[in-house]
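Structural features, examined
Residue-level listing of the chains:
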Amino acid sequence: MRPSPEPSRKGEQLKRFDRTERLAHWLTAAFFIALILTGAALYVPAVIGLVGRRGLVERIHVDVGLALPVPLLVSLAGSWGKGLRADLRRINRWIPSDRQWLRRALHRQPTGDVPVGKFNAGQKLNAAITGGVMIVMLMTGSVMHWPYYWPLSWRTGATFMHDVVAILFVVVVIGHIGMAVSHPAALRSMLTGKVSRAWAKRHAPLWLEDLEAGP
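Residues numbered from 1 in each chain as written. Predicted model: local features only at pLDDT ≥ 70, side-chain atom pairs only at ≥ 80, totals over all residues. Heavy atoms only, no water.

Observations regarding the overall build of the protein
Across its full length, the protein carries twelve helices and two strands. Mapped from its N terminus to its C terminus, the protein presents α and β elements in the order α-β-α-α-α-α-α-α-α-α-α-β-α-α. Overall, the C-alpha framework of the protein stretches about 80 × 40 × 35 Å when taken along its three principal axes. Across the protein, contacts joining residues at least 24 apart in sequence account for 65% of those joining residues at least 6 apart. Side-chain charges of the protein comprise 27 positive and 13 negative groups, with the mean position of each set lying 2 Å from the other. (Helix = DSSP H or I, 4+ residues; strand = E, 2+ residues; numbered from the N terminus. Contact = heavy atoms within 4.5 Å. Lys, Arg positive; Asp, Glu negative; His and termini not counted. Charge placed at Lys NZ, Arg CZ, Asp CG, Glu CD.)

Things to note about the pattern of salt bridges
Applying the stated criterion to the full structure yields seven salt bridges. In this structure, the salt-bridge partner of Arg197 is Glu12, at a minimum N-O distance of 3.1 Å. Of the two residues, Arg197 is situated in helix α11 (residues 197-203) and Glu12 in the loop between α1 (6-9) and β1 (13-15); the sequence distance between them amounts to 185 residues. For Arg197, a relative accessible area of 5% translates into the label buried. Taking the relative accessible area as the measure of exposure, Glu12 reaches 32% and is therefore partly exposed. Between Asp87 and Lys118 there is a salt bridge, with the nearest N and O atoms lying 3.0 Å from each other. Residue Asp87 is located in helix α6 (residues 82-92), and its partner Lys118 is located in the loop between α7 (96-106) and α8 (121-145); the two are separated by 31 residues in the primary sequence. (Salt bridge = Lys/Arg side-chain N within 4 Å of Asp/Glu carboxyl O. Buried < 20%, exposed > 50% of the residue type's maximum accessible area, 1.4 Å probe, protein only.)

Things to note about the side chain of Glu21
Mapped onto the elements of the fold, Glu21 is located in helix α2 (residues 19-43). For the buried Glu21, which has no salt bridge, the nearest side chain bearing the opposite charge is Lys118, at an N-O separation of 4.7 Å.

Some points on the packing of helix α4 (residues 54-67) against α8
Relative orientation and spacing of two packed helices are given, respectively, by the angle between their axes and the distance between those axes. Packing of α4 against α8 leaves a shortest axis separation of 10 Å and a crossing angle of 140°. Considering the angle they form, α4 stands oblique to α8. The chirality of how α4 crosses α8 is left-handed. Counted together, Arg59, Val62, Gly65 and Leu66 of α4 and Leu138, Ser142 and His145 of α8 form the full contact between these two elements. Partitioning the contact of α4 with α8 into residue classes produces three nonpolar, three polar and one charged. (Axes fitted to C-alpha atoms, helices over the stretch in contact; angles between N-to-C directions. Parallel < 35°, antiparallel > 145°, perpendicular 65-115°, else oblique. Left-handed = near helix turned anticlockwise from the far one by under 90°. Nonpolar A, V, L, I, M, F, W, Y, C, P; charged D, E, K, R; others polar.)

Section: unusual backbone geometry
Residues other than glycine predominantly adopt negative phi, and peptide bonds predominantly adopt the trans conformation. The backbone phi angle of Arg108 is positive, close to 55°, even though this residue is not glycine. Among the secondary structure elements, Arg108 is positioned in the loop between α7 and α8.

Topic: the packing of aromatic side chains
By the definition in use, this model includes three aromatic pairs. Here Phe32 and Phe169 contribute two aromatic rings whose centre-to-centre distance is 4.7 Å and whose plane-to-plane angle is 45°, an arrangement assigned as tilted. Linking Phe32 in helix α2 with Phe169 in helix α9 (residues 152-182), this pair joins segments that are 137 residues apart in sequence. The residues Phe32 and Phe169 share a single accessibility class, namely buried. An angle of 10° between the planes, with centres 5.4 Å apart, marks the rings of Trp150 and Trp154 as stacked. On the basis of relative accessible area, Trp150 is assigned to the partly exposed category, the value being 31%. A cation over an aromatic ring shows up here: Lys124 above the ring of Trp94, its NZ or CZ 6.0 Å from the ring centre. (Phe/Tyr/Trp six-rings, centres within 6.5 Å; stacked < 30°, edge-to-face > 60°. Lys NZ or Arg CZ within 6 Å of the ring centre and 35° of its normal.)

Here it is as structure tokens:
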């Protein structure tokens, strides 16, 4: 009787993210970090006192903010964005097990036995929040940077919303980094683009089934 081929395939590497997806992710992450640091320098007098040149810091903050959606838009534009477009469809599609995963996570219950696809509910929620933050910050930042085109109530509301969303998003970023560090295989996949078959079977079984089923 022949031995099962499954054990020998556990170490097989599967492509999780292509080069375009990884580049878009890290460029967007770098832009967000630059915005957080320059924003902190602008809003905390002690920090801007150490940095100096407030005008330069403000210029960097505005230019990076306006450029924030560029990596994502360019990555989606051509044939090179096929993988990213497919993943965005996965992120936007919620299945019953995603809701089960989220309920368990909120109640701090184990989620390892919940069958999920390429992305779990937490990752989908994080992506949705990040996309929403990009839109809100771009709109409110534009009102703040070009105030003379908008009524006073809009300028006041934009400033308040910009500040509140920025603070909340810093919390989200810290949580995202914490989750990435605590799951080294997932973090490594955003660096190398690959995960082992054993990891996929344990953490993304529905995605593995799709891969094995073929096109």
